[in-house]
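Coordinate inspection notes
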There are 2 protein chains.
Amino acid sequence: MRVSDNILVVLVNSSHPGNIGSAARAMKTMGLSQLCLVAPDQFPHEYATSRAAGADDLLDNARVVDTLDEAIADCALVVGTSARGRKIPWPLLNPRECAERVLPESRRHKVALVFGREERGLTNDELARCHYHVHIPSMPDYSSLNLGAAVQVLSYELRMAQLAAQDALSVPNEWDAEYATAAELEGYYGHLEEVLRQIGFIDPANPGQVMTRLRRLYSRQRLDKIEVNILRGVLSETQRSLRQPPTPPTEE
Amino acid sequence: MRVSDNILVVLVNSSHPGNIGSAARAMKTMGLSQLCLVAPDQFPHEYATSRAAGADDLLDNARVVDTLDEAIADCALVVGTSARGRKIPWPLLNPRECAERVLPESRRHKVALVFGREERGLTNDELARCHYHVHIPSMPDYSSLNLGAAVQVLSYELRMAQLAAQDALSVPNEWDAEYATAAELEGYYGHLEEVLRQIGFIDPANPGQVMTRLRRLYSRQRLDKIEVNILRGVLSETQRSLRQPPTPPTEE
């Protein structure tokens, strides 16, 4: 399921067409579909198409407008990406908070996520048109994400928020076998200890901690039924070989 | 503060040098520093340097090795990126769980995050060398993130986990003025109502809901002291103009 067709990604004055393509690809991997370009330097462009890598449907459907006002006219929530430390502080979200706010609102009305120019971001005038600013918490001394990477992070958080809302974030691992039961594990530990005595690894008079450590090792693993069968098969085969040692290769 | 110098990003057989540069930039924005390249097709390369955009120190310090085994030899935890649906399922994390597991372990020992080839990811042999697989939950019908974008997402989650551990994730908004007190707000509402009566917007005999709606509007905003002063200044100036109407321009 797509995150929402009500969420609009707006790129303002992008100068590198390759970045427009990266942004489209990033959006599509996370289920976003609506791209709007405000006065892009070069678009359409072969670099945009090649970097979109299969997300060119988003480029084909992209709206191209002259001003940010046109882009966001029918949006009831507008969030602009921003570096820290504006002269007049604005209500500020991190990308996770942004997704948690945007996703539920997008079920009721259009929402815009606005990204600025590669070198200079959004102007103060543009930021003043936003209800919230969102800041990707990068390192203070090297803070500038590539435009496509910034779109990827915000889109990813929207997808995570949607999966969380569907309670589908931590999919139970699709395992290919059922866990072994306690009785099956005890059967294995008993068999293992028997073999370790037979080969002289455990001295019955002075068994030490070996079995406890081996129990801890295997219980950490949550062994499944197939694994217990494999391990017991190894033990049985070891015992068979002990009874009937393999014929050594004939010397020449 | 850097996330950790104990966290190693390993790129296996990357074919496009530009992606190596993007990965370095993505890492550096989030405070990661250790890059290891397993048999890259082309490295060093001008495309890597240009896409690194200031993260070329990571490229200069990158270790280049022939095999994954060499890359991860001294790592006590190895996590490999993987698409869903391997033949033999492996313990699987999402990027957030990955960060929550990797970050604390990185304080004690080296950890590798392993990324596969652009087109084919990691081989089954390579994935079998990992303790965990991590899957970025992209759309099933368009699941392939650009390599740099994948590095950006996992690096971002590590940085978020670190900020959360430092209780620095939701920085209280640095606001430039203190909130107004209840008494200051009441002073404003009284003043506002007085002016709205003077200009005839509120009929004292039948005031309706106007003041309630205006109270709700401004209380939603958590007005600060400067804002209350501006709003009261507008009211005072309105009253002054009512007492002494501005001289209309002389007709020519």
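Coordinates for the structure precede this section.
The notes below deal with the structure included here. (Residues numbered from 1 in each chain as written. Chains lettered and ligands numbered in written order. Predicted model: local features only at pLDDT ≥ 70, side-chain atom pairs only at ≥ 80, totals over all residues. Heavy atoms only, no water.)

1. Describing the overall build of chain A
In terms of helices and strands, chain A carries 10 helices and 7 strands. Relative to a compact globule of 252 residues, whose C-alpha radius of gyration would be 18 Å, chain A shows 30 Å and is clearly more extended. Principal-axis analysis of the C-alpha atoms places the extent of chain A at approximately 85 × 45 × 40 Å. Within the span of chain A, comprising 252 residues, buried residues form 46% of the whole. The long-range share in chain A, meaning contacts at least 24 apart out of those at least 6 apart in sequence, stands at 82%. If you sum the accessible surface of chain A, you get close to 13400 Å²; carbon and sulfur atoms cover 50% of it. (Helix = DSSP H or I, 4+ residues; strand = E, 2+ residues; numbered from the N terminus. Rg over C-alpha atoms; globule rule 2.2 N^0.38 Å. Buried < 20%, exposed > 50% of the residue type's maximum accessible area, 1.4 Å probe, protein only. Contact = heavy atoms within 4.5 Å. Areas by Shrake-Rupley, 256 points an atom, 1.4 Å probe, with all protein chains shown as cover.)

2. Digging into the side chain of Q239 of chain B
Residues and elements named next belong to chain B. With respect to the helices and strands, the residue Q239 is situated in helix α10 (residues 225-243). A distance of 2.9 Å separates polar atoms of two side chains, one belonging to Q239 and the other to H191. Contacts of Q239, omitting those with residues within four sequence positions, involve H191, E194, V195 and Q198. (Polar contact = N/O pair within 3.5 Å; in protein donor to acceptor, adjacent residues only side chain to side chain.)

3. Re the relation of the copies chain B and chain A
Of the transformation placing chain B onto chain A, the axial shift is 0.0 Å and the rotation is 180 degrees, giving an RMSD of 0.1 Å. Taken together, the rotation angle and the small translation identify this as a two-fold axis. Counting the interface residues of chain B, we find that 100% of their copies in chain A are interface residues as well, pointing to one common contact surface. (Least-squares fit on C-alpha atoms with pLDDT ≥ 70 in both.)

4. Considering helix α10 (residues 225-243) of chain A
Residue and element names in this part refer to chain A. Its 19 residues give α10 an end-to-end C-alpha distance of 27 Å, which sits within 8% of 27 Å, the value for a rise of 1.5 Å per residue. For α10, the full list of buried residues reads V228, L235 and Q239. Seen end-on, α10 carries its buried residues on one side only, within an arc spanning 40 degrees. In this structure, α10 carries N229 and I230 as exposed residues pointing more than 90 degrees from its buried face. The opening residue of α10 is D224, an N-cap whose side-chain oxygen sits 2.9 Å from the backbone nitrogen of I226. (Expected span 1.5 Å × (residues − 1). Arc of directions from axis to C-beta.)

5. Some points on the interface of chain B and chain A
Each partner contributes to the interface: chain B provides 47 residues, whereas chain A provides 47 residues. Summing the contributions of chain B and of chain A, the shared interface buries around 3800 Å²; its carbon and sulfur component is 57%. Along the contact surface separating chain B from chain A lie 2 salt bridges. A salt bridge links R96 of chain B to E157 of chain A; its shortest N-O distance comes to 2.8 Å. Linking chain B with chain A are 20 residue pairs in polar contact (both at pLDDT 80 or more). Those elements giving two or more residues to the side of chain B that touches chain A turn out to be α1 (17-29), α2 (46-52), α5 (95-106) and α7 (147-165) of chain B. Looking at side-chain class alone, the side of chain B that touches chain A contains 25 nonpolar, 10 polar and 12 charged residues. (Buried area = accessible area lost by both parts, 1.4 Å probe. Salt bridge = Lys/Arg side-chain N within 4 Å of Asp/Glu carboxyl O. Nonpolar A, V, L, I, M, F, W, Y, C, P; charged D, E, K, R; others polar.)

6. Some words on the state of the cysteines
What we call a disulfide is simply a covalent bond connecting the sulfur atoms of a pair of cysteines. All names here are of chain A. All told, the structure shown has 0 disulfides over all chains when counted by the stated rule. Looking at C98, it has no disulfide partner, and the nearest cysteine sulfur is the one in C130, 11 Å off. On the basis of relative accessibility, which here comes to 3%, the residue C98 falls in the buried class. (Disulfide = S-S within 2.5 Å.)

7. Some thoughts on the pattern of salt bridges
It is possible for side chains bearing opposite charge to pair when their charged atoms get close. All chains considered together, the criterion is met by 20 salt bridges over all chains. A salt bridge links E126 of chain A to R117 of chain A; the shortest N-O distance between them is 2.8 Å. For E126 of chain A, a relative accessible area of 12% gives the class buried. What makes R117 of chain A buried here is its relative accessible area of 11%. Residue R240 of chain A pairs with E237 of chain A through a salt bridge whose shortest N-O separation is 3.0 Å. Residue R240 of chain A and its partner E237 of chain A are located together in helix α10, separated by 3 residues, close to a single helical turn. Look at R240 of chain A and you get partly exposed, because its relative accessible area is 35%. Judged by relative accessible area, which is 40%, E237 of chain A ranks as partly exposed. The network of salt bridges with shared partners includes R96 and E157 of chain A together with R96 and E157 of chain B.

8. A word on the sheet that holds strand β7 (residues 132-134) of chain A
All names here are of chain A. The strand order β3-β2-β1-β6-β4-β7-β5 describes an open sheet built from 7 strands, whose pairing is parallel. One side of each edge strand has no neighbouring strand; the edge strands of this open sheet are β3 (63-65) and β5 (92-93). Inspection of the sheet shows strand β1 (residues 7-12) paired to strand β6 (residues 111-115) by 5 bridges, in the parallel sense. The residue of β6 that forms the bridge with L11 is F115. Against the sheet, helix α1 (residues 17-29) contacts β1 and β2 (34-38), and its axis sits at roughly 160 degrees relative to β2. Contacts between helix α7 (residues 147-165) and the sheet are confined to β1, β4 (77-81), β6 and β7, with β6 contributing the most and set at about 150 degrees to the helix. (Pairing = 2+ DSSP bridges. Axes fitted to C-alpha atoms, helices over the stretch in contact; angles between N-to-C directions.)

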